[in-house]
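As a plain string of letters, each chain reads:
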Amino acid sequence: MIEEYPETSRKRIFVLLFLLILLGLVAIYFAINTTGPNTVVAEQGNIADPNQPLSEPNQTKAEPNQPQTEPNQPTIEPNQPPAREMEDPNDKKVLRPVHKHPAYTERTVERARMVDWQIEARTIKDPNVLSAMRTVPRHVFVRLTEQRSAYNDNPLPIGYEQTISQPYIVAFMTDVLKLTRNSKVLEIGTGSGYQAAVCAEIAQQVYTIEIVEELAKSAKERLKELGYRNVFTKASDGYFGWPEHAPFDAIIGTAAAGRIPEPLIEQLKPGGRMILPYGSPRGFQYLVLLTKDKDGNVRKRNVMPVRFVPMTGEVQKPRQ
Ligand code: SAH
């Protein structure tokens, strides 16, 4: 009897302590759940993206889960301000690329080396071109079997007997066009979409046409996934250009033809520049630069001997 009393009181103390600990745990649980998630979201909104060249100060960043605009719809979704929307000097809405894709942070050292050794060393100095070449993840534009060689100094196969051009040629052609952030570009021969992406890093809009439907489809998907909201693709014969969006400040052809398609010359803006491989599809070819002056006079000059895949479709038909 005498021993029973202290035993009961000890039990009471244990129960009391247990209840206190339980209460403490419940209080901590509620504290975490009411403040945690909000804090995380606010911080995410402020994270700076290091992979965005040509970015404007004070620009709003994309919400992580915001859907991207369809590449073939150059219009801006109403009621949903796009992530990197900004004003251009002409007061037009401009959609810049969004580089949320992890590929941009992959293989940056190889890309930097490619630019130093293959491009800058060969006299290309325009900082916009160099920055674009450092930014676009070329390895994502080639097949898995070619990915190891993606930053080598040569063209690579992309399927359907087509190739992605040597990095230096891509940089050279972009450089010759003297693109600005207000340029509207037309490309004939989307292929993998790499050249279009490089132009889209500098220009306002890039319209690109590919005659092989499968290539057009995969390039469209790739460009969308990588965040190129200013590239618009079309599966069609580029011979006829894209009259609905003409005139263009710059036109780039990446397949060789023995004559320059007349519609492309017409769709070049006065003051505009066009570069394309010209010559026999299996023989001598030159990159030719066409410039159209303010009065519409066109000047043509050879700038470099090259070797490109042939342009197919209308251009190969005998002239009437
Ligand atoms: N610029 C591409 C490489 C182009 S290879 C890149 O960066 O990957 C040339 C491309 O031109 C091929 O994909 C070929 O199918 C396409 N082509 C050939 N004739 C064409 C035409 N008439 N219209 C549009 N594309 C054409």
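It should be emphasised that the depicted structure is a prediction, and the values quoted were computed from it without experimental measurement.

### Looking at helix α6 (residues 213–226)
Here comes step 1: Here α6 spans 20 Å end to end across 14 residues, near enough to the 20 Å set by a 1.5 Å rise per residue.
Here comes step 2: Buried residues along α6 sit in contact with β3 (156–159), β4 (162–164), α5 (194–202), β6 (205–210) and β7 (231–235).
Here comes step 3: Positive backbone phi, approximately 100°, marks Gly227, located one or two places after α6.

### Regarding the pairing of strand β11 (residues 298–306)
Here comes step 1: As judged from the eight bridges shared by strand β10 (residues 285–292) and β11, these two strands associate in the antiparallel manner. The partner of Leu289 across the bridge, within β11, is Arg301.

### Observations regarding a nonpolar patch on the surface
Here comes step 1: Together, Ile13, Phe14, Leu17 and Leu20 make up an exposed nonpolar region whose accessible area comes to about 430 Å².
Here comes step 2: Relative to the helices and strands, Leu17 is located in helix α1 (residues 4–46).
Here comes step 3: Exposure remark for Leu17: the relative accessible area of 45% places this residue in the partly exposed category.

### Points about the packing of aromatic side chains
Each aromatic ring pair is summarised here by two numbers: the centre-to-centre distance and the angle between the ring planes.
Here comes step 1: Using the criterion set out here, one finds six aromatic pairs in the structure.
Here comes step 2: Aromatic pair Tyr239 and Phe240: ring centres 5.1 Å apart, planes at 70°, arrangement edge-to-face.
Here comes step 3: For Tyr239, a relative accessible area of 10% puts it in the buried group.
Here comes step 4: Positioned over the ring face of Tyr194 is Arg138, at 5.5 Å from the centre of the ring.
Here comes step 5: The lysine or arginine in question, Lys184, covers the ring of Phe248, its NZ or CZ lying 5.6 Å from the ring centre.

### What to know about the packing of helix α2 (residues 108–119) against helix α3 (residues 127–135)
Here comes step 1: At a minimum axis distance of 8 Å, the contact between α2 and α3 shows a crossing angle of 140°. Comparing the axis directions of α2 and α3 gives the class oblique. Here α2 runs over α3; the crossing is right-handed. Residue-level contacts link Arg111, Ala112, Met114, Val115, Asp116 and Ile119 of α2 to Leu130, Met133, Arg134 and Thr135 of α3.
Here comes step 2: Taken together, the residues that form the contact of α2 with α3 break down as six nonpolar, one polar and three charged.

### What about the site of the ligand?
Here comes step 1: Among the 26 residues in the neighbourhood of the ligand, the closest are listed as Ser192, Glu210, Asp237, Gly238 and Thr312.
Here comes step 2: Gly189 is positioned such that a nitrogen or oxygen atom in its backbone is 3.0 Å from a nitrogen atom of the ligand.
Here comes step 3: Protein contacts shield 99% of the accessible area of the ligand, which totals 580 Å² for the unbound molecule.
Here comes step 4: Put simply, the parts of the chain that give the shell around the ligand at least two residues each are β4, β5 (184–188), α5 and β6.
Here comes step 5: Residue contributions to the shell around the ligand peak at three residues, all from β4.
Here comes step 6: The residue inventory of the shell around the ligand, partitioned by class, reads eleven nonpolar, twelve polar and three charged.

About the criteria used
- Residues numbered from 1 in each chain as written.
- Predicted model: local features only at pLDDT ≥ 70, side-chain atom pairs only at ≥ 80, totals over all residues.
- Heavy atoms only, no water.
- Helix = DSSP H or I, 4+ residues; strand = E, 2+ residues; numbered from the N terminus.
- Expected span 1.5 Å × (residues − 1).
- Contact = heavy atoms within 4.5 Å.
- Pairing = 2+ DSSP bridges.
- Patch = residues over 30% accessible without salt bridge, like charges linked within 9 Å, V, L, I, M, F, W, Y side chains within 5 Å.
- Areas by Shrake-Rupley, 256 points an atom, 1.4 Å probe, with all protein chains shown as cover.
- Salt bridge = Lys/Arg side-chain N within 4 Å of Asp/Glu carboxyl O.
- Buried < 20%, exposed > 50% of the residue type's maximum accessible area, 1.4 Å probe, protein only.
- Phe/Tyr/Trp six-rings, centres within 6.5 Å; stacked < 30°, edge-to-face > 60°.
- Lys NZ or Arg CZ within 6 Å of the ring centre and 35° of its normal.
- Axes fitted to C-alpha atoms, helices over the stretch in contact; angles between N-to-C directions.
- Parallel < 35°, antiparallel > 145°, perpendicular 65-115°, else oblique.
- Left-handed = near helix turned anticlockwise from the far one by under 90°.
- Nonpolar A, V, L, I, M, F, W, Y, C, P; charged D, E, K, R; others polar.
- Near = heavy atom within 4 Å.
- Polar contact = N/O pair within 3.5 Å; in protein donor to acceptor, adjacent residues only side chain to side chain.

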